[in-house]
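Observations on chain architecture
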Amino acid sequence: MLRLLAATVLFFLGASVSALPAAAQAGFPIDPEASCVSSSCHDDMAKQEFVHAAAADGEQCVTCHEPPQEGRHAFELAVAEEELCAMCHGDMADKEYKHVPVAEGMCTFCHDPHQSDNPKQLNFPPNSELCFNCHDSEEFEGPTTHGPVGEGQCLKCHDPHTSDHAYQLRAEPPDLCFGCHNRALKDPKGRTLPAPKNTFRDDTLNLHPPFEAGMCLGCHLPHAGANYRLLLEPYPETLYASFSPDKYICFMCHDDEAFAEPRTLEATGFRNGNLNLHYRHVNRQKGRSCKACHHHHGAPNERLIRDKIPFGKRTINIRKFERTQTGGSCSPTCHRPVSYDRYEPVFNTLKVTPREGVDATPEELERAKEEQLDE
Ligand code: HEC
Ligand code: HEC
Ligand code: HEC
Ligand code: HEC
Ligand code: HEC
Ligand code: HEC
Ligand code: HEC
Ligand code: HEC
Ligand code: HEC
């Protein structure tokens, strides 16, 4: 029926006038006083589930279509199509950020002017099916796909028309993210994702500065990506990982020097004398990932040190981390209580792998102490 009507329109717009029967070329025999919708004309109008209030009956057609005149039945639009909807709806792109097809008045690409079986007279279901008419679906797929993106819920984050936030977002991160991440969620493998909003609001925690600043997109992608947890760069999923700097998103912002050498008097504060404890834990075949000690968003102790870390069904505790002016101590599940001091190395009797490199001399330690504690 639609195609038939469209063909009729084309005919009367003169697309192939010569093919018209002589009677029709002479004019459409209609009564200008009659309703446009009757049992014989346009009787498919206002039949679908969602009907445009402005096209609900035959009397209103003429608000958008030129009224039929004797001898003519061209239904020309009353005003140019790009301006038609604004007659009643005003400017749908009146905020700072405007979706291009809306700003260009392409309303009828997404909406049927009369009726539809989709809500809001949409020509497509109100999900990614609509968006993928113009946006490339492949950009929204990846080994890690964000829950709402995979479910086609683009409209949860984007306004289809216009917004005060870039990319027509409904809100800016972190508020946008906290709209859903205000509670624990499950990832596709069924693992619990704790609520970052609780971390954000907990003022007993030390927050990672970029997290505290609400820069979620400094580390995460919103749609899909190659890495674990939608991260911009890789991060080991597991607690243990053989070391390579390109496995850690952390080095996007932090210097990997702190992990490069077995001995240092300056590259990190996590050292005992010049024994680099970052290197010793992380830079080895069965290296500990940062998450063995640090939390990525925020933790109860200084330097983002955790109290505990979930490990399979168990919990590893990092009890009583205490930082002093020159070192620190803790009593983790992993080994017996230990402490470290940057200038007066502590003698720890752990059964350990041989230490690489050479101990600093007392003079070197003294010099480092003078330089660093003066700062
Ligand atoms: C809100 C504005 C608006 C109203 C009200 C409206 N139309 Fe339309 N109509 C349009 C637009 C826009 C088009 C597409 C025109 C084009 O593509 O050239 C259209 C196209 C049509 C077409 C041809 C293609 C199609 O979709 O079938 C017919 C027939 C039609 N209208 C009939 C009606 C009738 C009958 C009514 C009253 C029940 C009506 N229209 C009310 C805006 C409107
Ligand atoms: C003659 C005035 C008029 C024109 C022109 C008009 N509309 Fe409407 N439109 C209305 C009215 C009245 C409503 C009902 C508003 C309500 O229910 O709050 C409406 C509602 C809508 C809705 C929302 C339906 C819903 O369920 O909330 C959409 C979408 C819409 N119009 C799209 C369009 C588009 C696209 C155009 C241009 C092709 C257009 N309108 C032109 C008067 C108009
Ligand atoms: C890219 C597709 C797209 C374009 C283009 C578009 N819309 Fe919409 N519009 C939508 C979607 C999707 C909804 C439903 C929004 C929702 O449910 O949150 C909607 C909803 C509406 C509504 C209902 C009220 C509201 O704000 O949610 C109106 C009215 C409307 N559109 C009018 C227009 C007009 C007028 C234009 C042209 C200036 C237009 N739309 C262009 C996709 C579009
Ligand atoms: C009729 C085609 C069309 C449809 C349908 C469409 N878009 Fe767009 N969209 C565009 C065009 C054109 C641009 C501007 C060019 C670009 O940035 O790719 C754009 C840009 C965007 C932008 C970026 C804005 C910016 O500031 O860079 C977002 C976000 C967006 N669209 C979201 C959506 C969503 C969500 C949907 C589905 C509800 C959708 N689009 C449906 C054509 C469309
Ligand atoms: C969880 C919220 C969220 C969902 C769901 C979402 N987006 Fe986005 N989208 C964003 C954010 C945030 C940005 C801004 C990214 C930036 O600043 O780099 C964005 C940017 C965009 C852009 C412009 C930049 C680009 O990446 O091309 C387009 C287009 C876009 N989104 C379309 C979509 C479509 C289509 C869907 C559904 C398949 C969708 N979005 C679902 C949050 C979301
Ligand atoms: C400095 C980088 C960084 C910033 C900024 C950041 N995240 Fe994360 N986020 C991570 C890392 C790394 C992980 C993976 C941790 C793991 O599984 O070991 C993660 C994990 C997550 C998870 C999964 C649950 C969890 O905590 O393990 C969610 C949800 C999340 N982030 C949301 C957010 C939100 C929302 C923001 C902004 C308020 C944000 N992130 C800011 C690095 C960051
Ligand atoms: C509309 C709800 C919604 C919004 C808004 C939202 N998320 Fe999510 N997010 C989810 C759901 C549901 C999951 C769990 C399914 C999954 O893992 O993808 C999830 C999972 C995640 C994950 C873990 C992904 C994985 O599978 O490893 C990260 C990281 C994340 N979100 C970050 C963000 C960030 C950053 C924002 C803001 C830009 C945000 N989310 C906004 C619903 C949302
Ligand atoms: C987007 C940039 C960025 C990324 C990525 C990033 N950080 Fe940070 N981080 C910062 C900034 C900025 C600071 C504050 C200045 C500083 O101490 O260097 C900081 C501080 C820290 C601190 C010290 C906090 C304190 O209380 O003094 C630790 C520990 C830390 N980050 C660990 C990590 C770990 C582990 C990762 C990887 C999971 C990581 N960071 C990824 C930007 C980042
Ligand atoms: C075995 C526990 C442990 C592991 C694993 C670990 N750290 Fe640390 N880190 C610490 C401790 C303890 C401190 C605090 C040192 C001090 O100032 O006393 C620290 C300090 C830091 C700082 C502050 C600057 C500095 O070096 O003193 C950053 C940044 C940092 N770590 C990043 C990382 C990153 C990135 C990883 C993974 C590649 C990682 N850490 C792995 C325990 C660890």
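It should be noted that the structure appears before, not after, this text.
Residues numbered from 1 in each chain as written. Chains lettered and ligands numbered in written order. Predicted model: local features only at pLDDT ≥ 70, side-chain atom pairs only at ≥ 80, totals over all residues. Heavy atoms only, no water.

A closer look at the coordination of the iron atom of ligand 4
Bound to the iron atom of ligand 4 are the protein donor atoms His99 (NE2) and His135 (NE2), situated 2.0 Å from the metal. One way to put it: the six donor atoms around the iron atom of ligand 4 meet at angles of 87 to 179 degrees, and that makes the site octahedral. Within this pair, whereas His99 is found in the loop between strand 2 (97–98) and helix 5 (100–103), its partner His135 is found in the loop between helix 7 (128–131) and strand 4 (144–145), the two being separated by 36 residues in sequence. (Donors = N, O, S within 2.8 Å, 3.2 Å for Na, K, Ca; no water. Tetrahedral: all angles 85-135°; square planar, octahedral: opposite > 155°, others 65-115°. Helix = DSSP H or I, 4+ residues; strand = E, 2+ residues; numbered from the N terminus.)

A few points about the coordination of the iron atom of ligand 2
At the metal site, the iron atom of ligand 2 is ligated by His52 (NE2) and His89 (NE2), and these contacts range over 1.9 to 2.0 Å. For the iron atom of ligand 2, the six donor atoms in the first shell make angles of 86 to 178 degrees at the metal, so the coordination geometry reads as octahedral. On the criterion of sequence distance, the pair formed by His52 in the loop between strand 1 (50–51) and helix 3 (81–84) and His89 in helix 4 (residues 86–89) is long-range, its members being 37 residues apart.

Considering the site of ligand 5
The environment of ligand 5 is formed by 18 residues, the closest being Phe140, Cys154, Cys157, His158 and His223. Here a nitrogen atom of ligand 5 and a side-chain polar atom of His158 are 2.8 Å apart. Within the side chain of His223, one N or O atom sits 2.8 Å away from a nitrogen atom of ligand 5. Secondary-structure elements contributing two or more residues to the shell around ligand 5 are helix 7 and helix 8 (147–150). Residue classes in the shell around ligand 5 are distributed as twelve nonpolar, six polar and no charged. (Near = heavy atom within 4 Å. Polar contact = N/O pair within 3.5 Å; in protein donor to acceptor, adjacent residues only side chain to side chain. Nonpolar A, V, L, I, M, F, W, Y, C, P; charged D, E, K, R; others polar.)

Description of the sheet that holds strand 16 (residues 338–341)
Within a sheet, neighbouring strands are paired by backbone hydrogen bonds and run either parallel or antiparallel to one another. Pairing within the open sheet is antiparallel, and its four strands lie in the order 13-14-15-16. In this open sheet, the two edge strands, each paired with only one partner strand, are strand 13 (308–311) and strand 16. Adjacent strand axes in the sheet meet at a mean angle of 20 degrees, parallel and antiparallel pairs treated alike. As paired strands, strand 15 (residues 327–332) and strand 16 are joined by four bridges and run antiparallel to one another. (Pairing = 2+ DSSP bridges. Axes fitted to C-alpha atoms, helices over the stretch in contact; angles between N-to-C directions.)

Some details on the site of ligand 2
In the vicinity of ligand 2, 15 residues are found, and the nearest of them are His52, Cys85, Cys88, His89 and Gln121. Contact between ligand 2 and His89: a nitrogen atom at 2.7 Å from a side-chain N or O atom of the residue. Elements with a contribution of two residues or more to the shell around ligand 2: helix 4 and helix 6 (107–110). Considered class by class, the residues forming the shell around ligand 2 number nine nonpolar, five polar and one charged. Here the shell around ligand 2 gathers at least three residues from each of two domains, domain 1 (2–78) and domain 2 (97–229). (Domains from an automatic or database assignment.)

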